[in-house]
Amino acid sequence: MIRTDLHEGWTVRAAGGPVPAGIADEPVPATVPGTVHTDLLDAELIPDPYLGENEAHLAWFHRAAWLYATTAEIAPAAADERVDLVFEGLDTVATIEFDGIELGRTANMHRSYRFDVRDRLRDGRIPLSVRFDSALDYAEELQKVIGERPRPYPHPFNAVRKMACSFGWDWGPDLQTAGIWKPVRVERWRVARLASVRPLATLDADGTGRLVVHVDVEHAKRGEDREVVAEVRLGEHVSQIRLREGEISGMTEILVPDAPVWWPIGHGDQPLVGVSVILRDDDEDLDVFETRVGFRTVTLDETPDETGSAFTLIVNGQPVFVRGLNWIPEDHLLTRLDRGIYEAAIQRAIDANTNLLRVWGGGIYESDDFYHLCDERGVLVWQDFPLACAAYAEEEPIRSEILAEARENIGRLTPHPSLVLWNGGNENIWGHEDWHWKAKLGDLTWGAGYYYELFPALLAELDPTRPYHPGSPSSPGHDPSDVHPNDDRYGTRHEWEAWNRQDYTYHANFVPRFCSEFGWQAPATWSTLRESLAPEDLDQESPAFLLHQKAEGGNDKLNTGIARHLPVPEDFEDWHWAAQLNQARATAYAIGHLRSHAPRTMGSILWQLNDCWPVTSWAVVDGAGRLKPAWYALRRSYAPRLIHFREGALIVINDSPEEWQGSALLQRVGFDGEVREKSARSVTVPARSVAVVKLDDGLTTPEDATREVLVADLDGLRATHLFAEDVDLAYESTPVIADITPAEGGYSITVTATAFARDVALLADKIDPGAYVDDMLVDLLPGESHTFHVRTTWADARAFGTPAVLRSANTLVAGD
């Protein structure tokens, strides 16, 4: 097998649609892999769509057509040789021509395409072109044929196999990219090639590793199949799959006694073992496949119980409480992503004590880099099939495309030990049951066949080693009309009533078995706002700010949520801090509630880790990769050990492998520092367990609810409980003083409280956009100090102690 990339010499030009003059006139150099947006940005022909109101100004892209073109010198095929043109990904509605002859048409960005061109080769350079037509036009025309189906947004994203959020979402821009978004190459081969290799590595109860390798081959000439051998190597272990004439599939099994065991982060190490498959014919190597696997076994406990049924992920026999984050594409312009960007994003999740990322169904099957990094770091992956928030046709051509992409990506992802669960889609079952779809659909199909029959059948055939869940949320084993898909007694739950209509304290009304979506909004960090908006647009009602707030009624919901706890500031900078603080508190409250109910609740997947552009959203890391205050709340809430107040009790959560013994100091303290009540309690919590410490009335009954706080301290961890909402509390307005000293890489800023200070934060990016602060949202009693470490090259140390940077809840309530 000889592989040659075809990434050089490409140009792109407009081929139709409302493309402005000046852009439509001439071709421009094209980067492959790439997209038209990035090529036109490189050519300085369009403004950055992430800035200001530029997204709206580029809406003409939705109806545009584009032509990529190059020439390729490909030597004619030998008599026994096959030559293929391979596209790993085309976004999305494409027509491929080679030497003026149409090779094929595609309409699915989630799969690859292969064209046999051996009979079309000649000496000299051969023209190659790919025309991309409007995916929106295609979807609108197709739905006229197959029937329009319900969806939450205007564009019919459910009628074309393109990343759903490419058409906009309640946190994402509506750019509708087009281009050769994955590698393209020529493959020359003879006799046979490895069409598919699926290594499935599991672990037996006695510690024996079991590697089952399935191989599918394609022969170069139909009717001239020859015997070939696929040799499988795993370290010193070697096995062969002999495929005789007429056979195109085979498998073998290798047993590895005392295999190195792959564990999720926080449970053990992540050893990876190299596997190679060499396809041979008469001792000549024809093709090679190489990957790494990890030996582990994963199951999903859905045992019925007195409440409903469990939903517990079990890895190597060990129940895992999932401390997860929902993952969306890290950049809306996907081709700008590389391993370094993925590594930084995944590390931010790890640093926040996360052990699972859910690849959400409105995005893509992620890049190989993503899964490799999760394998190496021990981050579990929950993989949605990419169907989200809509009804999907089960007729052609959609059916074949969905099944083809699923088959290809199941096969591609089988080696990865980090992948532990397949999920049928996002909110589709819930939508069918609750969102008034049934009347609109009539007799039209909506996707049930995928979730309940076709995906399970594909997985039974291709990957029986991982559990499958029909949809998030859903109540497996029950008809949705009998047991609601979002019933907290079964399966998975999405908690969006809190954000949409209630308050974050609404979480206390439900104890789900597994909460796979919940969250609270906040704007991006201050420096990201300043980079993406003009100064005059830093206003809740400015058109540019609203363009970067995609949620329906988003700002109203933010303000309503703030008003339940804090004043709603009129000043935009103060409002920005209030909104970010409220997001952080909502995050901590919800996660504390979920974790405190283990083992009934065994999973928490916050919406969401990341943003794909600068926007007001539920992300804890903004579109520029900067940490919001909520990230710090998440890190504390997802720490293996956590203390948390709930209903007159201290909840002590120990998700570590060792027993936790300690003495908790409990105090009811006045804001002036006077201790009104004090108690010490011995605490013993077994590994991976939760303890409830009931509190005496003297601790939980204040003398003055507006001036007292309940504090628990245990082994360096602190929990606080206020007896009234902030807006009613008698805070001191300037409760801290700061001492700033130079330190390695920046400054040490020691903050000392003169009165009770709640949620002390250092918003260092307001001074230096590249600054990083090691901690945030610290509660201090009078006389206590905390040192923040700021990594920065900024020369003026005093700037980090100014009121706009050194913030707390006190300054919002009592004034600066």
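Residues numbered from 1 in each chain as written. Predicted model: local features only at pLDDT ≥ 70, side-chain atom pairs only at ≥ 80, totals over all residues. Heavy atoms only, no water.

Participant: Would you take a moment to explain the overall build of the chain for this structure?
Facilitator: Secondary structure assignment for the chain yields 17 helices and 42 strands. Projected onto the principal axes, the alpha-carbon positions of the chain cover approximately 90 × 70 × 60 Å. Element-wise, carbon and sulfur atoms account for 47% of the exposed surface of the chain, whose accessible area totals about 30100 Å². Of the charged side chains in the chain, 75 are positive and 129 negative, and the gap between their average positions amounts to 3 Å. (Helix = DSSP H or I, 4+ residues; strand = E, 2+ residues; numbered from the N terminus. Areas by Shrake-Rupley, 256 points an atom, 1.4 Å probe, with all protein chains shown as cover. Lys, Arg positive; Asp, Glu negative; His and termini not counted. Charge placed at Lys NZ, Arg CZ, Asp CG, Glu CD.)

Participant: What's the story with the side chain of Asn409 in this structure? I'm lost.
Facilitator: As for its position among the elements, Asn409 is in helix H6 (residues 398–413). Classification of Asn409 by relative accessible area gives buried; the value is 3%. Only 2.8 Å separates the side chain of Asn409 from the backbone oxygen of Glu405, close enough to count as a polar contact. Excluding residues within four positions of it along the chain, Asn409 makes contact with His110, Tyr365 and Trp422. (Buried < 20%, exposed > 50% of the residue type's maximum accessible area, 1.4 Å probe, protein only. Polar contact = N/O pair within 3.5 Å; in protein donor to acceptor, adjacent residues only side chain to side chain. Contact = heavy atoms within 4.5 Å.)

Participant: It is not clear to me how the nonpolar core should be interpreted in this structure. Could you clarify?
Facilitator: Nonpolar side chains in soluble globular proteins generally cluster together in the buried interior. By size, the foremost hydrophobic cluster in this structure holds 193 residues, and its most contacted members are Trp66 and Leu85. Sort the elements by how many residues they give to this core and helix H14 (residues 572–596) lands first, with 11 residues. Apart from the residues lying within four places of it in its own chain, the contact partners of Leu85 are Leu6, Phe98, Leu103, Tyr113, Arg114, Phe115, Val117, Leu128, Val184, Arg185 and Val186. Formed by 26 residues, the second largest nonpolar core is a distinct cluster that contains Leu203, Val213, Ala230 and Val277. (Core = buried A, V, L, I, M, F, W, Y, C linked by side-chain atoms within 4.5 Å.)

Participant: Whenever I open this one, the packing of helix H4 (residues 339–351) against helix H5 (residues 368–377) confuses me. Can you help?
Facilitator: Helix packing geometry: the angle between the two helix axes and the distance between the axes. With their axes 10 Å apart at the nearest point, H4 and H5 run at an angle of 40° to one another. Between H4 and H5, the angle is such that the two are oblique. For the pair H4 and H5, the sense of crossing is right-handed. Contacts between H4 and H5 involve Arg339, Tyr342, Glu343, Ile346, Gln347 and Ile350 on the former and, on the latter, Asp369, Phe370, His372, Leu373, Cys374, Glu376 and Arg377. Residue composition of the contact of H4 with H5, by class: 6 nonpolar, 2 polar and 5 charged. (Axes fitted to C-alpha atoms, helices over the stretch in contact; angles between N-to-C directions. Parallel < 35°, antiparallel > 145°, perpendicular 65-115°, else oblique. Left-handed = near helix turned anticlockwise from the far one by under 90°. Nonpolar A, V, L, I, M, F, W, Y, C, P; charged D, E, K, R; others polar.)

Participant: I would appreciate a short explanation of the sheet that holds strand S37 (residues 746–753) in the present structure.
Facilitator: Backbone-to-backbone hydrogen bonds join strands into a sheet, with any given pair of strands oriented parallel or antiparallel. As summarised here, the arrangement of the 4 strands in space is S36-S37-S41-S39, forming an open sheet in which the pairing is antiparallel. Strands with a single pairing partner mark the edges of an open sheet, and in this sheet they are strand S36 (736–743) and strand S39 (772–773). Pairing geometry for S37 and strand S41 (residues 785–791), over 7 bridges, is antiparallel. Counted as the bridge partner of Ser748 is His789 from S41. (Pairing = 2+ DSSP bridges.)

Participant: Where do I start with the packing of H14 against helix H15 (residues 629–637) in this structure?
Facilitator: At a minimum axis separation of 8 Å, H14 and H15 run at an interaxial angle of 20°. When the axes of H14 and H15 are compared, the pair comes out roughly parallel. You can see that H14 and H15 cross each other, and the crossing is right-handed. Touching Trp577, Gln580, Gln583, Ala584, Thr587, Ala588, Ile591 and Arg595 of H14 are Pro629, Ala630, Ala633, Leu634 and Ser637, all from H15. Of the residues in the contact of H14 with H15, the class split is 8 nonpolar, 4 polar and 1 charged.

Participant: Would you mind going over the state of the cysteines with me for this structure?
Facilitator: Formally, a disulfide is one covalent bond, and it connects the sulfur atom of one cysteine to the sulfur atom of another. Per the counting criterion, the structure on display carries 0 disulfides. Cys612 provides the cysteine sulfur closest to Cys165, a residue in no disulfide bond, and the two sulfurs are 6.0 Å apart. (Disulfide = S-S within 2.5 Å.)

Participant: Sorry, what's going on with the packing of aromatic side chains here?
Facilitator: Each aromatic ring pair is described using two quantities: the centre-to-centre distance and the angle formed by the ring planes. All chains considered together, the criterion is met by 41 aromatic pairs. With centroids separated by 5.1 Å and ring planes inclined at 75°, the aromatic side chains of Trp169 and Trp360 adopt a geometry described as edge-to-face. Of this pair, Trp169 sits in the loop between helix H3 (135–146) and strand S10 (184–190) while Trp360 is found in the loop between strand S22 (356–359) and H5, placing the two residues 191 residues apart along the sequence. Judged on exposure class, the residue Trp169 and its partner Trp360 are both buried. Ring centres of Phe385 and Phe455 lie 4.0 Å apart, and the angle between their planes is 15°; on these two criteria the pair is classed as stacked. (Phe/Tyr/Trp six-rings, centres within 6.5 Å; stacked < 30°, edge-to-face > 60°.)

Participant: When you look at the pairing of strand S13 (residues 228–234) in this model, what are you seeing that I'm missing?
Facilitator: On a regular strand, one side chain projects to one face of the sheet and the next to the other, so that they alternate. With 6 of 7 residues buried, S13 is to be regarded as a mostly interior element. Bridge count for S13 against strand S14 (residues 237–243) is 7 bridges, and the pairing is antiparallel. From the neighbouring strand, Ala230 faces S14, where its bridge partner is Ile241. Between S13 and the antiparallel strand that follows it, S14, lie 2 residues; Gly235 among them carries a positive phi value of about 60°. Judged from the 6 bridges that link them, S13 and strand S16 (residues 273–281) form a sheet pairing that is antiparallel. Within the sheet, the bridge partner assigned to Glu231 lies in S16 and is Ile278.

Participant: Even after reading the chapter, I still don't get the environment of Lys438, so can you show me in this structure?
Facilitator: Its location among the elements puts Lys438 in helix H8 (residues 437–441). Residue class for Lys438 comes out partly exposed when judged on its relative accessible area of 41%. Counting along the chain gives 288 residues from Lys438 to Pro150, while the straight-line C-alpha distance between them is 9.1 Å.

Participant: Please explain H4 as it appears in this structure.
Facilitator: Residues separated by three or four positions in an α-helix point in the same direction, a consequence of the helix having 3.6 residues per turn. With 13 residues, H4 should cover 18 Å at 1.5 Å per step; its first-to-last C-alpha distance of 18 Å lies within 8% of that length. Where H4 is concerned, the buried positions are Tyr342, Ala345, Ile346, Arg348, Ala349 and Ile350. For H4, the elements touching its buried residues are strand S21 (322–327), S22, H5 and H15. For H4, the N-terminal capping position is held by Asp338, with its side-chain oxygen 3.1 Å away from the main-chain nitrogen of Gly340. (Expected span 1.5 Å × (residues − 1).)

Remember that the coordinates give geometry; whether it matters functionally is a separate question.
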